[in-house]
Amino acid sequence: MSVSSKFAGKNAEVSRAVRFALASALLGAANVATAQNATPTQSGEQAEDIQEVVVTGFRASLNAALANKKDAVGAIDSIQAEDIAKFPDSNLAESMQRIPGVAITRDAGEGRNLSVRGLGAQFTRVRINGMEAMSTTGGTDSAGGTNRNRQFDFNVFASELFNNLTVRKTASADLDEGSLGATVDLYTARPFDYKEFTLVTSLKAAYNDLQGDFDPRAAFLVSNTFADGKFGVLFSVAYAERGLIEEGPSTVRWDLGSSVGGFNAASTPTGVTLAEANTAFHPRIPRYGRLTHDQDRLGVTTSFQFQPNENNQLNLDVLYSDFNAKRDENFLEAFSFSRNASQGGKPQSRLLAGEIVDGTLAFAQFDDVDIRSESRHDELETEFYSVTLSGEHTLNDQWSINELLGYSRSDFNNPIQTTITLDRSNSDGYSWDFRGNDRLPGFDYNFDVTDAANWGFQNFGGGYSSEIRLRPQGVDNTFQVGKVDLNYKPSDNLSFKLGLDYKKYDFVSWEARRASETTVPALNAPTLATMTTLLTGYGDGLGIPSGTPTSWRIPDLNKFASALDIYCNCGMFTLGTTNVTAARGNNRSVEEEDQGIYLQADWNAEWGIPIRGNIGVRYVETDMTSHGYSTTGAPVTAGNDYSDVLPSLNMVFEFRPDLLLRVGAAKVMTRPALGSVSPGISNISLVGNLSVNTGNPLLDPIRAKAYDMSLEWYFNDGALLSGAIFYKDIDSFVQTLVESMPFNESGLPLDLLAGTTLTGSEVFAFTHPVNTPGGPVKGFEINYQQPFSFLPGEWSNFGLLLNYTSVESEIEYVTSTSGATPPVKNDLVNLSPTSWNATLYYEAHGFSIRTSAAYRDAYLTAVPASNAPRNPNNPAQPFQDAEGTNSTLFVDLSASYAFNDHLTVSLEGLNLTDEFNDQFIDTDSDRLVTYTHVGRQFFFGARYKF
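None of these values were measured; they are calculated from a predicted model.

Undergrad: Which residues make up the pairing of strand β39 (residues 719–742), and what values go with them?
TA: Sheet faces and side chains relate simply in a regular strand, where the side chains alternate between the two faces. As paired strands, strand β38 (residues 702–716) and β39 are joined by eleven bridges and run antiparallel to one another. Note on β39: the bridge partner recorded for N716 is A719. Here β38 folds back onto β39, and the loop between the two strands holds two residues, one of which, G718, carries a positive phi near 75 degrees. Pairing geometry for β39 and strand β40 (residues 763–787), over 22 bridges, is antiparallel. Residue pairing in the sheet places S722 in a bridge with N783 of β40.

Next comes the structure, spelled out in structure tokens:
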């Protein structure tokens, strides 16, 4: 069953309140001013005083965004500076979720990635000041962990660094290739954006009701022009700290009872037979956990502009961001149920009692269960910087030229990722119970989990041991970009563009690990007691069942590090990279050189009605080289090159000045995921059944034909009612399959066969990513916004924004080219069948208040499921079709009052209903994977403008 049929329309509770954007400090308060003009009549009659209403603030920003949308040829939506400043949004992704068709994913309650019209983050390209860029950071495992792909992590940046966001939903020849979903343009402020000297500063305090502490946020902007406006300088800085607690249960997915050897064969349970338990699903690692996040974000922009005359202008834009985070994760868990007999796992656990509900072992009690207290500490930093030099030159009335040179780098480092476990082997009387609440289960450990004497740290035998995991890692992304555009305008209604561009992209991923994470020194009970501490106060506001522990003993990682010198990189704590099997796959790199040329014609004509548009074609060549490592640690290099011809057409039919029909058609492409093109080999068998597990550097890009049509009615000042339909025919997808071919046709180097008698002509079974048939993505958007100026009195100061998006796409997920496993049809991953946003606002007399709601339907994150997928050799065996995230509804509130033109105070709230991150496995059974909350966030602040 697809997620759209199972979860479409499934409303979550209501959520996420009061987001206080520091940008409100930078970019002005909302007010409505009037100016009087004396306009004499031509007949010399007595002049009348006519009031000209000057709209500023939030309404002005909405009007400016609508003007951009109306004037554009392609389909765009934008947010002006006041939008970002005045919406309760702490980062860019949360600002952009207000745009029709845009939905976001979150990490630690904060927006991280976005999808546009059902296409996930890997299909969206991001440009900063006109140059493509990449920003990556690390996250919790449930939020995807470290970003080693092409998606852009927006949580690196604070929203106040930017004064304009534009989402381009249709392609044109002059727009950079690489997007199936959208191209997002981010622009930082420039001095010529301000008419006079500007200095703004703000200070805010953030309070989280679950964490219980205050955190500071501050921003500053200064801008001025000199030499009669010919030269301008702008500087801005934003700093914020963010501390929060994330709590809730998780299962690390569910699996069949028969997996990894099944439960102990000697079990004689009550309420269920052993055979029934082995055909039901059980949680792999049932647990409660607390994650503590401490973050700080520093952002700096500098911009210089020089315009010696009206025909020439130079811009230099510099952006720097430093995002630091420390994260501690503590779990109390039953570890046996994901391990086999050789690891002392499930086959040793004796089932005493159970109850099956709809194929799920909802209640179970066991003897001989391994219990674990697991603590992990991460220190993470992303440094991002970009430098963009651009120029605009008018040569004469017909010819002009634009240039851009840019460099950007995202340097993510996770130098400390340390996990240490306390363990208790073969504990009796353990039970789980999901019957009362399948999102908040009860766990009974049947021993005092707060007493250090009940825990051990050693090798327990049978393949089971405590662990010390050391996994430092990092990711670097670098862009070097050059562009030249030649513009020719023979008449006011016709112009041509010829452009050349060059882009060099470098991606480097690294990771180090211990050769054996289960090699640990034995510690006696008295010593262990001095190296542990007590986690207390768990579950405040969570509503966990009575009897579930709210305190437990955890390792003190600092004391372990000091006593055992675990960071010495020596002895049993020596780290390896390509020589350690578990780390080898994350040591890889990709280099891409892209060269493009385009030709585009723009016109504005009268053919019965005004019709404007553009038509063009872009040709781009991609030359890629990827590096990885073989199973022996030997370096492996492979290359691929391909070219694309990408025609595009955009037209706007102006039936009336307020009624537009907009159409677009284009061929588009997205380059393959970085993890898919690695030539590295995770496993190879050169005897018996010949097989290879590897990436595929010969992948073609994902290509599609895109069509878009919208009808837009600008029926009043600041008002819009529009509907859009879109259709994308994805020609090919990328999936991981098993297929057979001669080794010498795989593109892998023959030196991998060195030392064997193999020639390369032998047929191997390759498990690797391949291009497979895609499918259509289709849907519609409805967008409505209107100030209620037609209403009497104070009601005229209200306004409303509403948008709704519906998307449909089913892909055939192929799991074998041999046909042994039938294709599975399900929704495209990251696609929410429906999403909507609503904002009600009021502005008058210096007072501004807005409440916003953002809803996203359930969506899939993996097809098929990681555990117990469909078994082609046993169609009757129960299976799980997919993994995903359930629907969310975030509710936010923002209020401010301007005492005068200089001082504004504000109060804002985020996630007012404390929405939960609810992840599931199997669309029919909706089994719990993760269910955590981070609490409500409140902001109190003041801004002063000199």
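Undergrad: Please set out the environment of N586 residue by residue, giving values where relevant.
TA: You can see N586 is positioned in the loop between α9 (581–584) and β32 (588–606). For N586 and F573, which are 13 residues apart along the polypeptide, the C-alpha to C-alpha distance reads 20 Å. Excluding its chain neighbours within four sequence positions, the residues that come into contact with N586 are R148, S509, W510 and E511.

Undergrad: Help me get a handle on helix α8 (residues 557–564), residues and values and all.
TA: Where α8 is concerned, the buried positions are L557, F560, A561 and L564. Angular distribution of buried residues about the axis of α8 spans 100 degrees; they occupy a single face of the element. When the buried face of α8 is taken as reference, the exposed residues oriented beyond 90 degrees from it are N558, S562 and A563. Once α8 ends, the next one or two residues include D565, with phi positive near 55 degrees.

Undergrad: Tell me about the packing of aromatic side chains, and name the residues and values.
TA: Scanning the model with the defined rule gives 43 aromatic pairs in all. Measuring from centroid to centroid gives 6.0 Å for F743 and F766, while their planes differ by 40 degrees, and the two rings are tilted. Of this pair, F743 sits in the loop between β39 and β40 while F766 sits in strand β40; the two residues are 23 residues apart in sequence, bridging distant segments of the chain. The exposure class of F743 is buried, given its relative accessible area of 0%. With a relative accessible area of 0%, F766 lands in the buried category. Summarising the aromatic geometry, the rings of F780 and Y804 are spaced 6.0 Å apart at their centres and angled 40 degrees between planes, so their arrangement reads as tilted. Linking F780 in strand β40 with Y804 in strand β41 (residues 798–808), this pair joins segments that are 24 residues apart in sequence. On the accessibility criterion, Y804 (30% relative accessible area) is partly exposed. Among the aromatic residues, ring-to-ring pairing joins W254, Y288, F434, F443, Y538 and W552 into one connected group. Positioned above the aromatic ring of F335 is the side chain of R372, whose terminal nitrogen or guanidinium carbon lies 4.1 Å from the ring centre.

Cut-offs used in this document
- Residues numbered from 1 in each chain as written.
- Predicted model: local features only at pLDDT ≥ 70, side-chain atom pairs only at ≥ 80, totals over all residues.
- Heavy atoms only, no water.
- Pairing = 2+ DSSP bridges.
- Helix = DSSP H or I, 4+ residues; strand = E, 2+ residues; numbered from the N terminus.
- Contact = heavy atoms within 4.5 Å.
- Buried < 20%, exposed > 50% of the residue type's maximum accessible area, 1.4 Å probe, protein only.
- Arc of directions from axis to C-beta.
- Phe/Tyr/Trp six-rings, centres within 6.5 Å; stacked < 30°, edge-to-face > 60°.
- Lys NZ or Arg CZ within 6 Å of the ring centre and 35° of its normal.

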